[in-house]
Each structure stands twice: as structure tokens, then as C-alpha cells.
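Commentary on secondary and tertiary structure
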Amino acid sequence: MLVVFKGKYYLVDRKNEVKQVNNFEKFYNDGEFNYIIDGELVRDEGNSWETFLIFDALVIHNKNIMHWDFLDRLSTTREAVIKPLWI
């Protein structure tokens, strides 16, 4: 899980261990917005880069969206997180 809080990035693993990371520099965040995104950081064999696979989102732009329908959460994640990264 990726937690973005006050401009800092944290990964939470299955054991609930928290690690602050700095390799999400492409993920725009000026500290104004907080995010909680469910996903997994994976490294493809033979490649030197890691990819964060997004499965779901719980908080986007400080707004709790856990109670939303999955397709609405997915659409919001696409617009607020994924699209800005492709620009």
C-alpha cells in the first residue's frame, strides 16, 4: 500500500511494516493532498526499475472514497493519479 501524507511517501507491506521511500518523485504531490492507494511494488526480472501496480484507492485528494462503488474509485484514481503521470 502507498500512503502519501504531507508530501512524504510511505510503503506499507503485508506485515504492516512502514518504510519511507523517495523513489516516487514522478508522483506529483505538493504536500497539499494525501492519498492511500492499495497496490504492490514489483520488479520485473531482468529490469532495473520497479513498478507500483494500483489495485484500489481508499483516499484521493484528502477525500475518503472507500464507500464508493469500485468503478467510481477506479475512475477517480485514473483521473487524479494515473493521468497526471502520463503527461
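Residues numbered from 1 in each chain as written. Predicted model: local features only at pLDDT ≥ 70, side-chain atom pairs only at ≥ 80, totals over all residues. Heavy atoms only, no water.

Things to note about the sheet that holds strand S6 (residues 63-64)
Condition: Pairing between strands is defined by DSSP: at least two bridges between the two strands are required. Helical segments are the DSSP runs of H or I of at least four residues, strand segments are the runs of E of at least two, and each set is numbered from the N terminus. The contact criterion used throughout is that any non-hydrogen atoms of two residues lie within 4.5 Å. Angles run from 0 to 180 degrees between N-to-C directions of axes, and those axes are lines fitted to C-alpha atoms, restricted for helices to the stretch in contact.
Read from one edge of the open sheet, 6 strands run S3-S2-S1-S4-S5-S6, paired in antiparallel fashion. Edge positions in the sheet fall to strand S3 (18-21) and S6, since each of these pairs with one other strand and no more. With 4 bridges connecting them, strand S1 (residues 2-5) and strand S2 (residues 8-12) associate as antiparallel partners. Bridging across to S2, Val4 finds its partner in Tyr9. This element, helix H1 (residues 70-86), spans strand S4 (35-43) and strand S5 (50-60) of the sheet and lies at about 120° to S5.

Some words on the nonpolar core
Among soluble globular proteins, nonpolar side chains are generally buried collectively. Stated precisely, the cut-off is as follows: Here, the term nonpolar core denotes a set of buried Ala, Val, Leu, Ile, Met, Phe, Trp, Tyr and Cys residues that are joined through side-chain atoms within 4.5 Å. Note on exposure labels: buried denotes an accessible area under 20% of the residue type's maximum, exposed denotes more than 50%, and partly exposed covers the range between, all computed with a 1.4 Å probe on protein chains only.
In this structure, Leu2, Phe24, Ile37 and Ile60 are the most contacted members of the largest nonpolar core, which totals 14 residues. Broken down by secondary-structure element, the contributors of at least two residues to this core are S1, S2, S4, S5 and H1. It is S5 that contributes the most residues to this core, 3 residues altogether. Dropping the residues within four chain positions of it, Ile60 is found in contact with Asn34, Tyr35, Ile37, Ile65, Thr76, Thr77, Ala80 and Val81.

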